[in-house]
Every structure is written in C-alpha cells, then in structure tokens.
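A closer look at the structure
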Amino acid sequence: MLVRLFPSDFRTNYGGEMENVFRQQHSEIEEEGSLMKLLQLWGETIAGIFATAPRQHWDILKRDVAYTLRMMRKNAGFTVLAVVTLALGIGANTAIFSVVQSVLLRPLPYAEGQQLVVLTQQAKKSGLEDIKFSVHEIEDYRQQSRTLAAVAEHHAMSFILYGHGDPDRVRSAVVSANYFDLFAVTPLLGRTFVPGDDAPGAPPVLILSNQYWKTKFGADPGIVGKVFEMNDKPHTVVGVLPSLPQYPSESDVYMPTSACPFRSSESFISNRDARMMTVFARLHSGFTASQAAADVATISSRLRAAYPRSYPETMGYAAETSPLQEELTRHARPTLLVLLAAAGFVLLIACANVANLMLARMSRRERELAVRTALGAGRGRLLRQLLTESFVLALMAGTLGLLFAFNSLHLLTDFAARLTPRAHEIKIDGPVLGFALLAAFVTSIVFGTLSALAARANLSSSLKEGTPGAGTTRQAGTVRNVLIVGQVAFSFMLLAGAGLMLRSLLQILQVDPGFAPQHVLAMRTTFNSSGPRREFVAVINKTLAQVQAQPGVQSAAFSSIYPLEPEVVAQGAQGMAAEFQVEGRELAAGEAPPAGSFTVVSPDYFRTLGIPLKEGRMFTERDGAWWQVSSSPEGALAKGFSAVAMINQAMKHRLFPNESALNKRISLDGGDSWLVIVGVVGDVKEFGLDQPAAPEVFYPQTEGPNPTTLIVRTASDPSAVADAIVRAVHEIAPQTAVSHVLTLEHARAESVASPRVTAGLLSLFAGLALFIAGAGIGGTMALTVTQRTKEIGVRLALGAPPGNILRMVLKQAMALAGLGVVLGLLWGLALTRLIKSLLFQVKPGDPATFFAVAAVLLITAAIASYLPARRAAEVDPLSAVRSE
C-alpha cells in the first residue's frame, strides 16, 4: 500500500548526494524555524529538478501530477471550492487587465506612434480648456513650428449619402490631404488623399472606413471608383481604410477639406476666429513632446501680439501639445486604474482564502507527510510535491478564469467605449494570456510555500498522535488568523469603494434634469438643405405640421441638440460654448467675456420638453422671420420684426443677477448684429446629470444653423409611434436621413451608464470579496472547532455551559473580523480618496458608508461563524474524550 501511495522515494529521484544536502537543510530548518531557510531550500529544489536528466525530470513530474490529480479527485469538495474561488479572482483581474493593457499600456497602432501629438488652444481666463482651430491658426503652426514635421486637421460633420438605397446619414470626417500620411496609414483598397484633392474646385472624393464598407457595402472589393451623391455633388470612392481605430472619433466616410461646403467657403477660410478643427501633428525626429510644447507656446505668444483682437488679454489665450496616447486615455485612466486595483484586491482575498483552505488541508495530511519522510522523502521532495499540487490547482483556476474573462470582454469593451476611442482595440492577446499565467504561477508559489510552512510539524509528534491535525503548530494557526484579518481588511476597502460609488450614483439619479423626459421621443433628421434658407424653413414647418397630425402626438419641435444627447454629453459644455458680448457692458481689465452654449429651437421646443418659463414670453412663429416680409433686416425691423433670443436661469444669474434680463441685447459677432432677450426659462442638465447647468442661449430656427433633431411628446409609449413619425417625415422630405431614434428616458439612462457600470463592477468585486471572506471565516472557525474538540469536550465535562462554548468561538471570530475592520477602515480612509474624482456629492470618507460597511462585515462574520460555534456547543464530552 505504501509503495503504491509513494511510487518514488527521494533517493530514486535525486540521488544520494542530493539526499544528504536536503537532509542537512531539513535539520537546520527544524532547529532554526527560519522562513529564509525554507525559501533557500525551495530555490535549490528547483535547481535540483532542472539539474536532473530531462527524461528523468519529466517522468518525475508526470508522477507528481498524476498523484496530484488522484488527491484532487479524493478531495473533490476542496478542489472545486479552491478552483472556483481562484478562478473568480484570476478571471476578474485578467478581464480588467485586458482593458488596461489595450487602452493604457499598448502603443498606438501607428508607425512611431509616440511621435504623434495633439495641439490644443485654451482661453483660461474664460474657463475654456479646449478651443478648436481656425484655418489661419493651422497654417500659422504649420509654417512657424520648428519641432512639428507635419500638421493635419480633422473635424466631424454629418451629411446625407445618396446612391445606395435609402438616404443614409453618414458620420463624415473632414481632413487635410496629409492626414493619413501623418498617421502612416496604408489603405486596404485604393489610395488615400493626395495634395490635389485639397485644391479648390477639385473633384470630390471619399474614403470609406473599414466598418462602413463591410456593413453598408458587404465588403465589396469593387467599391473603389463608384460614385455617390452628397451635398448635391457626385463623390467618387478612392479608397477603403484597414481595420484600425479611428481618432478622435469613429467616422463612416472621410472627405478632403475642399469637399466640405463649410470648410471650403471663402468666408470661413478668411475668418481667423472661425474655429472648428482639431489639429494633430507628428514630431520631427529628435524632438520630444516637451520641446514641442515650448515651441507651440512661443508661436501662441506671437499670435497674441500680432492679432490682439482675435486673442484679447481677457481671454488668457494659450496653446500647448500633449501626446496623442495620453489625450485619448485621459478620461478613462482614473476609472480603469480604480477597477484594476479593485480586481487586485479580489485576487488577494481569493488567494488568502485558498491559502487558508490549503493550511486546513495540510493539518489533515501531517501523518501522510510524516510517513513519507520516514520512508526517505526529504524536505525538498515534499516541497516539490506540494508546489506541484499548488501549481496544478492554480493552472486549473487560471484556465477557468480565462473563460470568465473571455465571456465578460464584450461588456467591458462597451463600457470602455464610453471613456476612450481605444475601446475597440481591447482583446485578450499574448500579454493578457501571460498575465493570467503569471497570476496562476505566483499564486501557486504562495500556496506551496505556505503549505510547506504548515507541514513543518515535528515528525515524531505527528506519528504518535492518533487524530488528524493534532500536530498543527501554533505558527500555522497564526498564519490562518493573519489571512482572515487580511481578507476582512481588503473586503472592507472594496465594500467602501463600492458603497461610495453606489451612493454617488443614487445622488445622480435624484438630480432634477430640468425637463420631463417621460413620453418624449428624439431622432436625428438630416435634411437636404442645399437650397435657399426660406425653402428649408418651409420644409421644417411642413414636417412639424405633418408630425403633429399623427395620432398620439401632443407636440413636436426641432432643435440643434436635445438634453443628454450622447454626442453632446461627450463633447461637454465647453465644447459647445461660444463667447459673446452684452450691449452697453464694457469688460474690466483682465475680465473674461461671457460665454455659453447656443441652441437653435422651434417655437414648441420648451412646451414639448416641459421646460418652464420663468420670465417674459416664449418664441412665436413671427420671431426672426424677416425674409418673409422684406429683402433686408432693416425693412423687417421697421415692420416690427426683431432677431430675438431666450436664455436660461444660469445665464441670467451670470449676466443680470440683480435686474431683469428682458429686452437686453447680446451679440455673437462683435456688435455687427444683436439678439433681443424676450424670455428666461428654467435650467436644463443638457450636458450630464452630474454637471452643473450651463449658461445657455436659445434662438429661433429661422435665425441659426439648421436644426437636426426632431423631438416629439406623445400621449403614451413614444416607441409605439416611432415608425409613424419617421414615415411622416419622409412624406414631406423623402431625401431626409432619419437615425438615432430613442426616447429621452433612454437618453437619461445612457447619460449615467458610465458611473452605473463602474458602481456595478465595484459592487460585483465587493460582493465576491464579501462571500470569499465570509467563507474563509466560517472555514477557519470550523477547522478551529475540529482541532479543539478534545479541549471543548473537557470544558463541557467540567461543567462549562454550552452557551459559553458558543460565545467563545463567536468571540474568536468576531475578534479577527473586528481587527480586519479596523485595519480596513484605516486603509480605506486613505485609498478611497483615489476615487474622489469619480464621486458626485459624496465625500470619500463618508461616515454613513463606512459605518454600513463595517456593520455588513461584522454581521457576515457572525453569520459565517455561528454554525461552527453551534457545532462546538453541541459536542458530546464523552465522545470527544474517548476519541482521543
């Protein structure tokens, strides 16, 4: 039997010389009790294994693995619990690491991506951190810079593409001809842009994104050369991009600047203050990002001096550069690092729990190990067997954890897409697989080392005792207690972080958005507006009348944006802001001019959204329609028409805090024309429920850019009438592209998707940690009761009430949990400050959250330890003493 159980002894495996070495070190370890000696022995064991002949080494390894698998089958409950616990920890870390590695660590997928930078302009005194560039400014930086080898521009527009089925609203990127050369992109089909494509009057051309080519054209290899209509002009497809991430945003088609009717207009090109473009650049070889930043700052100071009207001192104008990789991950970095830390805590807690399980199991294997030692197996041989068992266990957990990671990857990709354009690069690749393997390897070393520590009971005492676990050392018990305290402490930090995020989410959800989203439908409507302005307004009005005539429709309106629109939320209030001046109000020295977002609306906009009127009146059909009665604004004003505007309360409090805003005038063009304020409406959370209401100016659809959003209030479920509304639009304007149909309730939910998912992930990790910690406490108490059965029996035989035994076990468990809570509280107060930027109206050290977390952990510890304590109180004294 012993020969079958131990198929190879130490001498067979290592030879007599190595046996003497390990026996000598075994004696030293027994005498000194040194962990360093054990670690030294572990290293020499590994060296001895690899010093063995390869064939012999693999034979030994196969026998060890086979023995390990037999032991796992015999202890199926332990194996399943340990593997699943570890798999959850490794899987969570692998999934989060795949996101971190793809988004934060992986280099940009372009040649010499570290040389790519983004140029930004700021008006710091006006509070504007990201001002777009004008054509003149792009040329200034292109010509004057000594550090930038190439400068390219980009801006996004939406147009209608005709010629392949229904009119299609396409996300169009308007770029300079050198844009793809700057990024070193080689097309999959055809070519990229050439300088001639940017020349005035050049034939319009298009390049298709890879996704759009596959989705709309079925990956047609003959797409190059086909012609489609856009902006009343034929556009020829000249190329298809490879499957690469698109920066700064996803686009369907790319066009050169000469093909964009706005970018190519003489009035836009000649206006230094007409800012619309994002600017990318590639550094000259040998220059760093800091040198480029200094170079750009010098150019910006020259511009301030040369064009004081465009860059007044009151703006605080400046320009700078930042590496493209940092810019693309700026918003994602804090959240992803917090999630990575949370997943790391889960793995630590899982490791501690499995280590406790291993220690408990070792207490039952002491006689087995003592017998193997008596038969000639030295300390190194036993250590190798324990390491093999730990590694096989961790390898199984790592494989299962990878399956968890694979299945959760699409959810994490959707989540990361809200934070960074790099989300589509997320995948489980070589580095991620290496991370999972490393996690499994490190945990196996930890378990094996702890197991070896637990196996250091005195040989003779283990052989003499008649019960399993009798030879368990005080050191092993201390290690188990330390692991329990660590699990509780780490669980406290995770629960505290999750609690703070949940409280923050609840605070966001309780915010009044300033409008009534119930029963409101919104959709993007891109009209063919190449004709005269008055014809476009006539189409808009006919469309509104047709939509309002549909059954169930209560009111309808057009606007340039709608509250909590995903693209608008991503852009933020600063991205929509423009400066203006107030009639009769001179700016003081150093004072920044007022700024706010400007929204084009039709008269029923406020009624449709349920935005209350606070002062003055709403828009009417007559506001701003001067061309209907006269060929000039002067003639229209003489007949009683005026260019009017409305503002929200945030704008009123900023501009006219102690007076009425009615009949005050503001100008967007330096005083060349004026808008008369006729009303004040309530504030709306346009740019996010967690953002303050931004100052806003509203003006009628007849005065501003073309409104592109149709908003409809219905009597019942708006989704039920969505198709009818789309048909009504097409009846009036068949060439209109309708897209992005959604309810405002859905838009509201989507606006908090990022904090909701973050809170959900942290809560998931915290829940796992709580479960693992509770299981660890219960398991440790159960083992303690088993080891102290004789003692408990003696106590009961001497007259101790069962209630005292129950309290004794509970007291021990609660003492460990209490110490863990105290440590977790101290560490949590420091670490939760790292998530301060992710919280909304909640302080990182919120007392209510910390108190609730402490209560949850202590209650969990009490519940987990109650069953072992009750079992201890029910021990039969005679049976306990007789068994000894």
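Keep in mind that what you see is a predicted model, and the values were worked out from it rather than measured.

1. A short note on the overall build of the protein chain
- When helices and strands are counted, the protein chain shows 30 helices and 23 strands.
- Of all 884 residues assigned to the protein chain, the portion counted as buried reaches 51%.
- Pairs at least 24 residues apart make up 82% of the contacts formed inside the protein chain by residues separated by at least 6 positions.
- When the accessible surface of the protein chain is split by element, carbon and sulfur atoms take 59% of a total near 38500 Å².

2. Here's the deal with the pairing of strand β8 (residues 233-240)
- For strand β5 (residues 189-190) and β8, the ladder comprises 2 bridges, and the chain directions are antiparallel. Following the sheet pairing, G190 is matched in β8 by G239.
- Two strands pair when backbone bridges link them, and strand β6 (residues 205-208) and β8 are joined in this way by 4 bridges, in the parallel orientation. By the bridge assignment for β8, I207 is matched with G239.
- Bridge count between strand β7 (residues 227-230) and β8: 4 bridges; the pairing is antiparallel. Note on β8: the bridge partner recorded for V227 is T236.
- What sits between β7 and β8 in their antiparallel hairpin is a turn of 2 residues, with N231 showing a positive phi close to 55°.

3. So, the environment of P167
- Within the element layout of this structure, P167 appears in the loop between β3 (148-161) and β4 (168-175).
- Overall, P167 belongs to the partly exposed group, its relative accessible area being 24%.
- Between the C-alpha atoms of P167 and N528, which are 361 residues apart in sequence, the distance is 9.9 Å.
- Not counting residues up to four positions away in its chain, the partners in contact with P167 are I160, L161, Y162, P734, Q735, T736 and A737.

4. Looking at the nonpolar core
- Residues L494, Y605 and F606 are the most contacted members of the largest nonpolar core, which totals 101 residues.
- Looking at which element gives the most residues to this core, the answer is helix α18 (residues 474-509), with 14 residues.
- Core analysis: the second largest hydrophobic core is formed by 23 residues, A177, L182, I207 and Y247 among them.

5. A short note on the pattern of salt bridges
- On inspection of all chains with the given rule, the structure shows 18 salt bridges.
- When the shortest N-O distance is used, the salt bridge between R275 and E137 registers 2.9 Å. Of this pair, R275 sits in the loop between α10 (266-270) and β10 (278-283) while E137 sits in helix α7 (residues 135-144), and the two are 138 residues apart along the sequence.
- Among the residues examined, R275 registers a relative accessible area of 24% and is labelled partly exposed.
- Note that D604 and R607 form a salt bridge whose closest N and O atoms lie 3.3 Å from each other.
- Where salt bridges share partners, they join E137, D273 and R275 into one cluster.

6. Re helix α11 (residues 289-306)
- In this model, α11 (18 residues) spans 26 Å end to end at C-alpha, consistent with the 26 Å of a helix rising 1.5 Å per residue.
- If you check which residues of α11 are buried, you get A292, D295, V296, I299, S300 and L303. Angular distribution of buried residues about the axis of α11 spans 140°; they occupy a single face of the element. Turned more than 90 degrees away from the buried face of α11, the exposed residues are S290 and A305.
- Buried residues along α11 sit against β1 (116-123), α7, β3, β10 and β11 (317-323).

7. Points about the packing of helix α27 (residues 789-797) against helix α28 (residues 802-831)
- One way to put it is that α27 packs onto α28 with a least axis distance of 10 Å and a crossing angle of 145°. Taken as a pair, α27 and α28 cross one another with a handedness that is right-handed. Contacts from I792, R795 and L796 of α27 reach α28 at P802, I805 and M808.
- Within the contact of α27 with α28, the residues separate by chemical class into 5 nonpolar, no polar and 1 charged.

8. Topic: the packing of aromatic side chains
- Applying the stated criterion across every chain, the model contains 23 aromatic pairs.
- A ring pair is formed by Y179 and F183, whose centres lie 5.0 Å apart and whose planes are at 55°; its orientation type is tilted.
- According to the relative accessible area criterion, F183 is buried, its value standing at 2%.
- Seen from their ring centres, F345 and F490 are 5.3 Å apart, and the 25° between their planes marks the pair as stacked. Of the two residues, F345 sits in helix α13 (residues 333-363) while F490 sits in helix α18, which places them 145 residues apart along the sequence.
- Judged by relative accessible area, which is 18%, F345 ranks as buried.
- Through a chain of ring-to-ring contacts, the aromatic side chains of Y110, Y179, F180, F183, F193, Y254 and F280 assemble into a single cluster.
- R272 extends its terminal NZ or CZ atom over the ring of Y307, reaching a point 3.7 Å from the ring centre.
- Over the face of the ring belonging to F656 we find K664, whose NZ or CZ atom lies 5.7 Å from the ring centre.

9. Describing the side chain of S145
- Tracing the backbone through its elements, the reader meets S145 in the loop between α7 and β3.
- Residue S145 is classed as buried on the basis of its relative accessible area, which comes to 12%.
- Looking at S145, its side chain comes within polar contact range of the main-chain nitrogen of T147, at 3.2 Å.

Analysis parameters
Residues numbered from 1 in each chain as written. Predicted model: local features only at pLDDT ≥ 70, side-chain atom pairs only at ≥ 80, totals over all residues. Heavy atoms only, no water. Helix = DSSP H or I, 4+ residues; strand = E, 2+ residues; numbered from the N terminus. Buried < 20%, exposed > 50% of the residue type's maximum accessible area, 1.4 Å probe, protein only. Contact = heavy atoms within 4.5 Å. Areas by Shrake-Rupley, 256 points an atom, 1.4 Å probe, with all protein chains shown as cover. Pairing = 2+ DSSP bridges. Core = buried A, V, L, I, M, F, W, Y, C linked by side-chain atoms within 4.5 Å. Salt bridge = Lys/Arg side-chain N within 4 Å of Asp/Glu carboxyl O. Expected span 1.5 Å × (residues − 1). Arc of directions from axis to C-beta. Axes fitted to C-alpha atoms, helices over the stretch in contact; angles between N-to-C directions. Left-handed = near helix turned anticlockwise from the far one by under 90°. Nonpolar A, V, L, I, M, F, W, Y, C, P; charged D, E, K, R; others polar. Phe/Tyr/Trp six-rings, centres within 6.5 Å; stacked < 30°, edge-to-face > 60°. Lys NZ or Arg CZ within 6 Å of the ring centre and 35° of its normal. Polar contact = N/O pair within 3.5 Å; in protein donor to acceptor, adjacent residues only side chain to side chain.

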